[in-house]
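Here is how the chains run, residue by residue.
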Amino acid sequence: MKIPFFSWLYLITICSLFANFGIFVVSDQCLHDQRDLLIGMKNSLKFNSTLSTKLVHWNKSQNCCLWKGVTCSEKGRVIGLNLFNESISGSLHNSSLFSLQYLENLNLACNKLSSSLIPSQFGALKSLLFLNLSHNALTGHIPPILGNLTQLESLDLSSNKLTGDIPMQFADRLTFLAVLNLSFNQLVGPIPFFKQFATFSEASYKGNEGLCGYPSNKNCPTRLPPSTFQETYSNSGEIHLNFLSVEVGFIFGFGIVIGPSCFGRDGVDGISNTLMTFLSGSSSTESWN
């Protein structure tokens, strides 16, 4: 029996759609190791399941590339995590998050990471291009190891409780950084002004009363000038005179107490004469000075 031409055309179209769909599913299929890392991260995080709109729906039985907040590459690797406003609290330390080595985009803004340091393990995420930890309550210093994120293009640490200075090594290595926001923290000290950090405006640092130097409108306090030669010489002379007094006292005491038993009367007279000569010479020198 012959099949009409239009029927063949219909079958070919349907088969093509199924083939393309199959390719699409395979290319976006989450790798098992990536899924396990995400589940491990979810289990280690503290979050309010009532307020969560993403984490609460992550299910191991589903393709993790289809989970809310997760972006995968064509090879099924996790390259993006958007956990904005997921009511995450506590610490990120020792989380399997830091084993997602292909991660390029991480947004943990507007959570409740209170009284928690920025883990130094962030330095292991060397593929990161965008990192947003803003609007939490992170404390402590900015870890210099963030300088390991040499591919980083955007960094937002604003509206936290970070203290200390801006690490110079951190500023020195982020040569691709185009967006920086450190505003509304408790940072202090001079603002680095070299390489990419010379391109950022005052808005990147506002709300940090302890920061100084350009581009802020607050000058850094000048350091005290080094001591002059005259001051150094004067102080040095004072030290030598004090030391000389101690020596003289020791010799005098030695001559009075120990001398008679060790050297006899003649020996004591010799020590006395030597001591008087020494003192006369010192007085002459002091008068000359």
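Note that the structure is predicted; figures quoted are calculated from it, not measured. (Residues numbered from 1 in each chain as written. Predicted model: local features only at pLDDT ≥ 70, side-chain atom pairs only at ≥ 80, totals over all residues. Heavy atoms only, no water.)

Turning to the overall build of the protein chain, a few remarks are in order. In terms of helices and strands, the protein chain carries four helices and 13 strands. Counting only residues that meet the buried cut, the protein chain has 34% of its 289 residues in that class. In the protein chain, 54% of the contacts between residues at least 6 apart in sequence involve partners at least 24 apart. If you sum the accessible surface of the protein chain, you get close to 17800 Å²; carbon and sulfur atoms cover 60% of it. (Helix = DSSP H or I, 4+ residues; strand = E, 2+ residues; numbered from the N terminus. Buried < 20%, exposed > 50% of the residue type's maximum accessible area, 1.4 Å probe, protein only. Contact = heavy atoms within 4.5 Å. Areas by Shrake-Rupley, 256 points an atom, 1.4 Å probe, with all protein chains shown as cover.)

In this section: unusual backbone geometry. Trans is the common state for peptide bonds, and a negative phi is the common state for residues other than glycine. In the segment running from Tyr214 into Pro215, the intervening peptide bond is cis, with an omega of 10 degrees. Turning to its location among the elements, Pro215 is positioned in the loop between strand 13 (210–212) and helix 4 (229–288). Even without glycine at this site, Lys195 takes up a positive phi of about 50 degrees. Tracing the backbone through its elements, the reader meets Lys195 in the loop between strand 12 (186–190) and strand 13. The class for Lys195 is partly exposed, based on a relative accessible area of 48%.

This part takes up the packing of aromatic side chains. Tallying each qualifying case throughout the model produces five aromatic pairs. On the basis of an interplanar angle of 80 degrees and a centroid distance of 5.0 Å, the ring pair of Phe98 and Phe122 is categorised as edge-to-face. With Phe98 in the loop between strand 4 (88–89) and strand 5 (105–107) and Phe122 in the loop between strand 6 (114–117) and strand 7 (130–132), this pair connects stretches of sequence that are 24 residues apart. With respect to burial, Phe98 and Phe122 carry one shared label: buried. Taking 5.9 Å as the distance between ring centres and 75 degrees as the angle between the ring planes, the aromatic pair formed by Phe170 and Phe197 counts as edge-to-face. Residue Phe170 is found in helix 3 (residues 168–173), and its partner Phe197 is found in the loop between strand 12 and strand 13; the two are separated by 27 residues along the sequence. With respect to burial, Phe170 and Phe197 carry one shared label: buried. Every member of this aromatic cluster is reached through a ring pair, and the members are Phe170, Phe197 and Phe200. Here the basic side chain of Arg77 rests over the ring of Tyr102, its NZ or CZ set 4.3 Å away from the ring centre. (Phe/Tyr/Trp six-rings, centres within 6.5 Å; stacked < 30°, edge-to-face > 60°. Lys NZ or Arg CZ within 6 Å of the ring centre and 35° of its normal.)

What follows covers the environment of His135. Relative to the assigned elements, His135 resides in the loop between strand 7 and strand 8 (137–140). Sequence separation between His135 and Lys161 is 26 residues; the distance between their C-alpha atoms is 9.5 Å.

Turning next to the state of the cysteines. If you walk through the whole model with that rule in mind, you get three disulfides. Bridging Cys65 to Cys72, the disulfide has an S-S length of 2.2 Å. Measuring handedness by torsion sign, the sulfur bridge of Cys65 and Cys72 sits at about -95 degrees and is left-handed. The pair Cys65 / Cys72 is uniform in exposure class, with both members buried. (Disulfide = S-S within 2.5 Å.)

What follows is about the pattern of salt bridges. The tally for this structure, following the rule as stated, stands at two salt bridges. For Asp36, the salt bridge identified is with Arg35, shortest N-O distance 3.4 Å. Among the residues examined, Asp36 registers a relative accessible area of 36% and is labelled partly exposed. For the salt bridge of Asp172 with Lys195, the shortest nitrogen-to-oxygen distance reads 2.8 Å. Here the residue Asp172 occupies a position in helix 3, and Lys195 occupies one in the loop between strand 12 and strand 13, the gap between them amounting to 23 residues. (Salt bridge = Lys/Arg side-chain N within 4 Å of Asp/Glu carboxyl O.)

Right, let's talk about the nonpolar core for a bit. Core analysis: the biggest nonpolar cluster contains 52 residues, and Leu38, Leu81 and Phe122 have the highest contact counts within it. Ranked by the residues each element gives to this core, the list is headed by helix 2 (residues 32–44), at four residues. In this view, Leu81 contacts Leu38, Met41, Trp58, Gly69, Val70, Leu97, Leu100, Leu103, Asn105, Leu106 and Asn107; residues no more than four positions away in its chain are not counted. (Core = buried A, V, L, I, M, F, W, Y, C linked by side-chain atoms within 4.5 Å.)

The next thing to look at is the sheet that holds strand 11 (residues 179–181). The strands making up a sheet associate through backbone hydrogen bonding, with each pair oriented either parallel or antiparallel. Across the sheet, which stays open at both edges, the six strands sit in the order 2-3-5-7-9-11 with mixed pairing between neighbours. Sheet topology places strand 2 (70–72) and strand 11 at the edges, where each strand pairs with a single neighbour. When strand polarity is set aside, the average angle formed by the axes of neighbouring strands in this sheet is 10 degrees. Pairing between strand 2 and strand 3 (residues 78–82): three bridges, direction antiparallel. Within strand 3, the position partnered with Val70 by the bridge is Leu81. (Pairing = 2+ DSSP bridges. Axes fitted to C-alpha atoms, helices over the stretch in contact; angles between N-to-C directions.)

Time to look at helix 2. The first and last C-alpha atoms of helix 2 sit 18 Å apart over 13 residues, in line with the 18 Å expected at 1.5 Å per residue. Considered for burial, the residues of helix 2 that qualify are Gln34, Arg35, Leu37, Leu38, Ile39, Met41 and Lys42. (Expected span 1.5 Å × (residues − 1).)

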